[in-house]
Amino acid sequence: MIGEMSPALLAGLLYLGSGIGLQLLLLFQRKNPLQELRQLSPQHRIKLLGAILSGGVIAPVCLTYGIKYGTASEVTLLLNLETVATTVIAWLIFKEHIGPRVWMGKILILMAACVVVLKTEGGLAFSLSGLLVVLACIFWGIDNNLTRDVEDLSSTVLACIKGFSAGIFTIVLTFLFSSGSAAGYQIGGALAIGALSYGLSLVLFVEALRKIGSARTTTFFAVGPFIGTLLSVAILGERPPVSYWFAVSLMLAGIFLLYREIHRHLHTHEVIVHRHMHIHDEHHRHDHVETETAEPHEHIHVHELITHSHVHWPDIHHRHEHRTRE
């Protein structure tokens, strides 16, 4: 579909398509994204801006140039490096707890990515398209961790704002500094792909970030590139070398390790006041007015101090300190 289109223009159209598609959904739900945006704290606004620039502008441009100069199978497998970048950033900067199974899974995925990015024909050499995808994954890792913390916005509104902001900004930059032509079917196709593969996908991804944390969400998300690789074979007729299928087996092993993880220990919830969509579970035992009886619902509520033990993940209620054995 790219043809002579500028990869930067494609990146902008994909995000603009996601913004348009999600805006139509918000109109159907009778939600006003600007109203939610005005309620954001200054700290969350800075994080949202950082997420838009890193994940909505820089990363997509790197990815689309990688697609233009590489094969679909190579690019899709390398996208799994996003989970490694997200995990390292979540651990180093955002202090998210990462268990041994998660680390082992990331190591396997990283080994597989090295198999893909290093070309061995005539000696070891780096693939240009591969390096561009690696850069995209690093900036998406930054985006994922910043997005996780902007919890006052609903996932649909957050994805819509990111889509419109990143799409318009990138398209304007393309017209100013890039060249290339695009037919009507290319523009329409890019917008449609953006609405589904960027828009709807991003809403589901943000929901997962808030429920199981950055490291685990991106590891499960790593299933997506396998679908891309299989489609590149079935639809585009690509024939990846044997090393690619070895990389696939390593990545699948890494994902399987995470599926086997169970995290449970005694932990304490500090008093917190926030707003998000919730149901009446063991973490939400607060009073309600008569108009707030339907579930799930969203309103400002207070979490009292509580200490208990149960299986949990680093969602918005479980970002606590851990001892080494936990």
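Residues numbered from 1 in each chain as written. Predicted model: local features only at pLDDT ≥ 70, side-chain atom pairs only at ≥ 80, totals over all residues. Heavy atoms only, no water.

- Looking at an unreviewed UniProt entry, the chain carries the name Drug/metabolite transporter (DMT)-like permease, with the source organism given as Geobacter argillaceus.
- Under the UniProt heading Subcellular location (unreviewed entry), the note attached to the chain is "Cell membrane". (UniProt positions renumbered as here; feature names shortened; annotations may be inferred.)

Brief notes about the state of the cysteines
Linking two cysteines covalently via their sulfur atoms produces the bond known as a disulfide.
So, step 1. With the rule as written, the count across this model stands at zero disulfides.
So, step 2. Distance from the sulfur of cysteine 62, which forms no disulfide, to the nearest cysteine sulfur (cysteine 137) is 9.8 Å. (Disulfide = S-S within 2.5 Å.)

Quick look at the pattern of salt bridges
So, step 1. Applying the stated rule across the entire model yields one salt bridge.
So, step 2. Notably, a salt bridge pairs aspartate 143 with lysine 162, separated by 2.7 Å at the nearest N-O pair. Here aspartate 143 is found in helix 7 (residues 128-149), whereas its partner lysine 162 is found in helix 8 (residues 155-177), with 19 residues between them in sequence.
So, step 3. The class for aspartate 143 is buried, based on a relative accessible area of 3%.
So, step 4. Exposure remark for lysine 162: the relative accessible area of 2% places this residue in the buried category. (Salt bridge = Lys/Arg side-chain N within 4 Å of Asp/Glu carboxyl O. Helix = DSSP H or I, 4+ residues; strand = E, 2+ residues; numbered from the N terminus. Buried < 20%, exposed > 50% of the residue type's maximum accessible area, 1.4 Å probe, protein only.)

Let's talk about the packing of helix 1 (residues 7-29) against helix 8
So, step 1. Contact geometry of helix 1 with helix 8 gives a least axis separation of 7 Å together with a crossing angle of 145°. The hand of the helix 1/helix 8 crossing is left-handed.
So, step 2. Grouping the constituent residues of the contact of helix 1 with helix 8 by class yields 17 nonpolar, nine polar and one charged. (Axes fitted to C-alpha atoms, helices over the stretch in contact; angles between N-to-C directions. Left-handed = near helix turned anticlockwise from the far one by under 90°. Nonpolar A, V, L, I, M, F, W, Y, C, P; charged D, E, K, R; others polar.)

Some words on the packing of helix 7 against helix 9 (residues 184-212)
So, step 1. One way to put it is that helix 7 packs onto helix 9 with a least axis distance of 9 Å and a crossing angle of 60°. If you check the angle between helix 7 and helix 9, you find them oblique. Helix 7 and helix 9 meet at a crossing whose hand is right-handed. Judged by residue contacts, Trp140, Asn144, Thr147 and Arg148 of helix 7 engage Tyr198, Phe205, Val206, Leu209 and Arg210 from helix 9. (Parallel < 35°, antiparallel > 145°, perpendicular 65-115°, else oblique. Contact = heavy atoms within 4.5 Å.)

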